[in-house]
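# Descriptive structure summary
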Amino acid sequence: MKTPKLPPFDYQPKKYRGPSADEVLRLRKEFLNPGIFLYYKKPIMLVEGKMQYVWDEHGHRYLDALGGIVTVSVGHCHPEVVDVARKQNEMLQHSTTIYLHPNIAEYARELAAKMPGELKVCYFVNSGSEANDLALLMARVYTGNYDVIALRNAYHGGNAVTMGLTAHRTWKFNVPHSFGVHHAIVPDPYRGLWGRDDVDAGKKYAADVKNLLDFATSGEVAAFIAESIQGVGGCVVFPDGYLKHVYEHVRGAGGLCIADEVQSGFGRTGTHYWGFETQGVIPDIVTMAKGIGNGCPLGAVVTTPKIAATLGQRTHFNTFGGNPVACAQGRAVLEVIEREKLQENALKIGNHILAGLNRLKEKHNLIGDVRGKGLMLGIELVKDRQSKEPAREECAQVLETCKEMGLLLGKGGLHAQTIRFSPPMCVNKQDADFLLEVLDRALSDL
Ligand SMILES: Cc1ncc(COP(=O)(O)O)c(C=O)c1O
């Protein structure tokens, strides 16, 4: 088998003149937080990006099939996004909500226009963790209840409040953080009790939420929160009808329903703009980050005027939330997704990759499951299809081999046993074929 070649791309990266990767690694070890981690045995240093590609300091090009951890939605350094950010940086870099500024107001109108139902009031923050933190506060103030239901295998952030929602030991410190949070069974059709062959799986998994409401809470809760497709947990797609049944149970207990769209929003699922729409529900609160800004620190919470009104009981302030540069960039992202038909592209290319992954599953026993929607895809690697023992080391090795061939992928799941595919939504068919060829080669090389 010959080494797959990256599709041609007409772009010359600049000559890198900064410190070497070894020097950067040394600086990281000496001056940075020891909890940060690196993906590869020989760490890769990325110094430039253009659309779906990134370059290391030696000018080697890679297809970024992880999209900067599901953050680069429309393409690295997309010219239009760069241009609006540059222009706004030259005009006014900072202002807050104590003064009027057109960007935040116009951006809020445009973002609200993307939302269904009564979801019309926007709050801007700087990250996904902050968005979920604020959503929880909102739900607690609005309902007067405290308890929250989240899902096992969820990732909602790493600050004090959201660490309590996150449900992977990997990300939880041994300090009090989950007071009032109850984690329901993850509706995982691959590993869970009810599989894809069970048409009632959604309803059956949802019954666990009802169980928690009855047995773990006073019967009254503030909220239910879930990623519309679990990302960090390894691209877990819930069975049809799951959220519909859960929302009924939770609303019956006085709670609000929060959709975490940090990874699944902005057209990535292909069929819909928001991940929750794939489940046919309308949440009360939606949280966003990552792809919303194509790489700038921007997050948002969108809710109904009625729920928002309760937060009007106190003043609300966030220094950088709604920053004019971030808002300019957010607006450009919305426009580019629309104009370049990136949601449609996510569906087309995503389906092409999905079909290829299913073919690879027939060839490689290591692939236990293939799943996902649009350009949010995953394959779970198992040592044995019967026992489903997670193939952690094999997953790490496949990522290493793919990197050597110019393909960057992601990992997910508690045991880092799931390979994740979430490239910028501007990828094309040639990229998809390259990805599949490289993956086939890496799996064959094991
Ligand atoms: C679904 C989801 N929610 C929230 C977060 C937290 O976002 P941030 O890292 O911007 O705080 C993440 C981060 O990976 C995420 O994937």
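All values reported here derive from a predicted model rather than from experimental measurement. (Residues numbered from 1 in each chain as written. Predicted model: local features only at pLDDT ≥ 70, side-chain atom pairs only at ≥ 80, totals over all residues. Heavy atoms only, no water.)

## Quick notes on the overall build of the protein chain
Counted only if it meets this: Only DSSP runs of H or I with at least four residues qualify as helices, and only runs of E with at least two residues qualify as strands; both kinds are numbered from the N terminus onward. With the radius of gyration taken over C-alpha atoms, the globule rule is written as 2.2 Å times the number of residues to the power 0.38. The rule is simple: take the accessible area with a 1.4 Å probe, protein chains only, and divide by the maximum for that residue type; under 20% is buried, over 50% is exposed, in between is partly exposed. We count Lys and Arg on the positive side and Asp and Glu on the negative side, and we leave His and both chain ends out. Charged side chains are reduced to one point each, which is NZ for Lys, CZ for Arg, CG for Asp and CD for Glu.
In terms of regular secondary structure, the protein chain is built from 13 helices and 17 strands. Taking 446 residues into account, the globule formula puts the C-alpha radius of gyration at 22 Å, and the protein chain, at 22 Å, falls close to it. Based on the C-alpha atoms only, the size of the protein chain along its principal axes is roughly 60 × 60 × 45 Å. Classification of the 446 residues of the protein chain by burial places 57% in the buried group. Between the averaged position of the 50 positive side-chain charges in the protein chain and that of its 49 negative side-chain charges there is a distance of 2 Å.

## Notes on the sheet that holds strand β11 (residues 285-288)
The line we're drawing: At least two bridges found by DSSP between two strands is the condition for calling them paired. The axes used here are C-alpha line fits, helices contributing only the stretch in contact, and every angle between their N-to-C directions lies in the interval 0 to 180 degrees.
Strand order in the open sheet formed by seven strands is β4-β12-β11-β10-β7-β5-β6, and the pairing between neighbours is mixed. Bordering the open sheet on either side are β4 (121-125) and β6 (181-184), each of which pairs with just one other strand. Across this sheet, the average inter-strand angle for adjacent strands is 20 degrees, counted without regard to direction. Looking at chain direction, β4 and strand β12 (residues 299-303) are connected through five bridges and run antiparallel. Looking at β12, one finds that Val-121 is bridged to Thr-303.

## Focus: the nonpolar core
As a reminder, the rule being used: The set of buried Ala, Val, Leu, Ile, Met, Phe, Trp, Tyr and Cys residues whose side-chain atoms join them within 4.5 Å is what this entry labels a nonpolar core. Residue contacts follow a heavy-atom distance rule, with two residues in contact if any of their heavy atoms lie within 4.5 Å.
In terms of nonpolar packing, the biggest core is built from 96 residues, with Leu-111, Phe-224, Tyr-242, Met-288, Leu-357, Ile-419 and Leu-439 touching the most fellow members. Here this core gets eight residues from one element, more than from any other, and that element is helix α13 (residues 429-445). Beyond its immediate sequence surroundings of up to four residues, Met-288 is in contact with Leu-111, Met-115, Ala-131, Glu-261, Val-262, Phe-266, Trp-274, Gly-299, Ala-300 and Val-302. Counting residues in hydrophobic clusters, the runner-up holds 22 residues, among them Ala-135, Met-138, Ile-225 and Ala-308.

## Thoughts on the site of the ligand
Operational definition: Residues are counted as near a molecule or strand when any one of their heavy atoms sits within 4 Å of it. Each polar contact in these results corresponds to two N or O atoms within 3.5 Å; when the atoms are within protein, one needs to be able to donate a hydrogen and the other to accept it, and residues that are neighboring in sequence are counted only if both atoms are side-chain atoms. What sets the accessible areas is the Shrake-Rupley method with a 1.4 Å probe; for residues, cover comes only from the shown protein chains.
Around the ligand sit Ser-127, Gly-128, Ser-129, Asn-132, Tyr-155, His-156, Gly-157, Glu-227, Asp-260, Val-262, Gln-263 and Lys-290, and those are all the residues in its vicinity. Gln-263 is positioned with one of its side-chain polar atoms (N or O) 2.8 Å from an oxygen atom of the ligand. Within the side chain of Lys-290, a nitrogen or oxygen atom sits 3.2 Å from an oxygen atom of the ligand. Protein contact buries 83% of the 390 Å² of open area that the ligand shows by itself. Top element by residues in the shell around the ligand is helix α5 (residues 128-143). It accounts for three residues.

## So, the packing of aromatic side chains
Quick note on the threshold: Working definition: rings of Phe, Tyr and Trp (its six-membered ring) pair if their centres are within 6.5 Å, and the pair is stacked with planes under 30 degrees apart, edge-to-face with planes over 60 apart, and tilted otherwise.
Evaluated as defined, the whole model comprises 16 aromatic pairs. A ring pair is formed by Phe-9 and Tyr-11, whose centres lie 6.4 Å apart and whose planes are at 45 degrees; its orientation type is tilted. For Phe-9, a relative accessible area of 29% gives the class partly exposed. In this structure Tyr-11 comes out as partly exposed when scored by relative accessible area, which is 25%. Relative to Trp-274, the ring of Tyr-273 lies with its centre 5.2 Å away and its plane at 75 degrees, an arrangement referred to as edge-to-face. On the basis of relative accessible area, Tyr-273 is assigned to the buried category, the value being 10%. Here Trp-274 falls in the buried class, since its relative accessible area comes to 0%.

## Overview of the pairing of β12
Within β12, five of the five residues are buried, leaving the element largely enclosed by the surrounding structure. Alternating positions in β12 separate into two faces, Gly-299, Val-301 and Thr-303 on one and Ala-300 and Val-302 on the other, with burial throughout. Across four bridges, the pairing between β11 and β12 is antiparallel. Residue pairing in the sheet places Met-288 in a bridge with Ala-300 of β12.

## Structural notes on the pattern of salt bridges
A pair can form between side chains of opposite charge whenever their charged atoms are brought close. Going by this rule: When a carboxyl oxygen of Asp or Glu lies within 4 Å of a side-chain nitrogen of Lys or Arg, that pair is called a salt bridge.
One pass over the full model with this rule turns up 26 salt bridges. One salt bridge connects Lys-363 with Asp-440, and the closest N-O pair in it is separated by 2.9 Å. One end of the pair, Lys-363, is in helix α11 (residues 342-363); the other, Asp-440, is in helix α13, with 77 residues separating them in the sequence. The salt bridge partner of Glu-380 is Arg-371, with a shortest N-O separation of 2.8 Å. Counted as one network, the salt bridges with shared partners bring together Arg-191, Arg-196, Asp-369, Arg-371 and Glu-380.

## A few points about the environment of Gln-417
Tracing the backbone shows Gln-417 in the loop between β16 (410-412) and β17 (418-421). Between the C-alpha atom of Gln-417 and that of Glu-57, which follows or precedes it by 360 residues, the distance is 29 Å. Beyond its immediate chain neighbours, meaning those up to four positions away, Gln-417 contacts Arg-191, Ile-379, Glu-380, Leu-381, Pro-390, Ala-391, Cys-395 and Gly-412. In terms of polar contacts, Gln-417 uses its side chain to reach the backbone amide nitrogen of His-415, at 3.1 Å.

## Details of the confidence of the model for the protein chain
For the record, the criterion: Confidence scores here are pLDDT values: one per residue, from the predictor, ranging 0 to 100.
Per-residue confidence for the protein chain gives a mean pLDDT of 97; residues scoring 70 or more make up 100%. Mean pLDDT across the elements of the protein chain ranges from a minimum in helix α9 (residues 305-311), with 95, to a maximum in strand β10 (residues 256-260), with 99.

## Some words on the pairing of strand β1 (residues 46-50)
Sheet analysis places β1 next to strand β2 (residues 53-56), joined by four bridges and oriented antiparallel. Its bridge partner being in β2, Leu-46 is matched across the sheet by Asp-56. Where β1 folds back onto β2 in an antiparallel hairpin, the turn is made up of two residues, including Met-51, whose phi is positive at roughly 55 degrees.

## Quick notes on the packing of α11 against α13
We count it as follows: Throughout this description, any angle smaller than 35 degrees is read as roughly parallel, any larger than 145 degrees as roughly antiparallel, any in the 65 to 115 degree range as roughly perpendicular, and the remainder as oblique. Rotating anticlockwise by less than a right angle from the far helix to the near helix defines a left-handed crossing, while the corresponding clockwise rotation defines a right-handed one. Only Asp, Glu, Lys and Arg are considered charged, only Ala, Val, Leu, Ile, Met, Phe, Trp, Tyr, Cys and Pro nonpolar, and every remaining residue, Gly among them, polar.
Running from N to C, α11 and α13 cross one another at 20 degrees; their axes reach a closest spacing of 10 Å. Classified by the angle their axes make, α11 and α13 are roughly parallel. Regarding α11 and α13, the two cross each other, and that crossing is right-handed. Two secondary-structure elements touch here, α11 through Ile-349, His-352, Ile-353, Gly-356, Leu-357, Leu-360 and Lys-363 and α13 through Lys-429, Ala-432, Asp-433, Leu-435, Leu-436, Leu-439, Asp-440 and Ser-444. The residue makeup of the contact of α11 with α13, split by class, is eight nonpolar, three polar and four charged.

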